Amino acid sequence: MSELTINRRQAVRAAAGVAAGGLLVAGAGVGSAAAGSGSFLGSWLIHYEDMDGNKGLAVASIVDNGIFITNEVRPAGSIGTGSWEDKGDDRFKATAWNSNSADDTSGMLEVWGKLKDDKLSGKFKVTFYDSDGNEAGTLEGTFWGEPLEA
């Protein structure tokens, strides 16, 4: 088994992309993410905080076929993709993957979230894998987001 050290910045970077993507994946609503729409569809500005208090910002977009894309803004980082499942009652579960080409690592995000008053919120867990596919650690945290208006 090869050794891998994941520093906090790498962990936060991976969590941001995956968390952002995972949380917007949630909805089965119709329409855009405009304020007052009550829908998950569209683009969202996602704020997150990990269990150590590190914070970040990402943009995530979701289309009605269950595919979503995330892009980390602060800190700048990777792009993530994944799928989601509607759990009913404005709740969802999502799974997404992203990678860090700088050190050939990847992260799998699991997200549990909800939509309330046109805001997204929930929890996330990222499991990191080294270049050989071995589990290398986890990171947990919370997220919240609002529609990104045109």
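For the structure itself, consult the block above.
Now for a quick tour of the structure. What you see is a predicted model; the values in this text were computed from it and never measured. (Residues numbered from 1 in each chain as written. Predicted model: local features only at pLDDT ≥ 70, side-chain atom pairs only at ≥ 80, totals over all residues. Heavy atoms only, no water.)

1. Some points on the packing of aromatic side chains
1) Next: The final tally for this structure, using the stated rule, is two aromatic pairs.
2) Next: Judged by centre distance (6.4 Å) and plane angle (80°), the rings of Tyr48 and Phe124 are edge-to-face. Residue Tyr48 is found in strand E1 (residues 42–50), and its partner Phe124 is found in strand E7 (residues 119–129); the two are separated by 76 residues along the sequence. Comparing Tyr48 with Phe124 shows no difference in burial state: the two are buried. (Phe/Tyr/Trp six-rings, centres within 6.5 Å; stacked < 30°, edge-to-face > 60°. Helix = DSSP H or I, 4+ residues; strand = E, 2+ residues; numbered from the N terminus. Buried < 20%, exposed > 50% of the residue type's maximum accessible area, 1.4 Å probe, protein only.)

2. As for the sheet that holds strand E8 (residues 135–147)
1) Next: Strand order in the closed barrel formed by eight strands is E1-E2-E3-E4-E5-E6-E7-E8, and the pairing between neighbours is antiparallel. On average, adjacent strands in this sheet sit at an angle of 30° to one another, irrespective of strand direction.
2) Next: One ladder, built from eight bridges, connects E1 with strand E2 (residues 55–62); its direction is antiparallel. Residue His47 lies in a different strand from E2, and its bridge partner there is Leu57. (Pairing = 2+ DSSP bridges. Axes fitted to C-alpha atoms, helices over the stretch in contact; angles between N-to-C directions.)

3. Considerations on the pattern of salt bridges
1) Next: As enumerated under the stated definition, the model contains one salt bridge in all.
2) Next: Between Glu110 and Lys93 there is a salt bridge, with its nearest N and O atoms 3.6 Å apart. Taken as a pair, Glu110 in strand E6 (residues 105–116) and Lys93 in strand E5 (residues 91–100) lie far apart in primary sequence, 17 residues in all.
3) Next: Judged by relative accessible area, which is 22%, Lys93 ranks as partly exposed. (Salt bridge = Lys/Arg side-chain N within 4 Å of Asp/Glu carboxyl O.)

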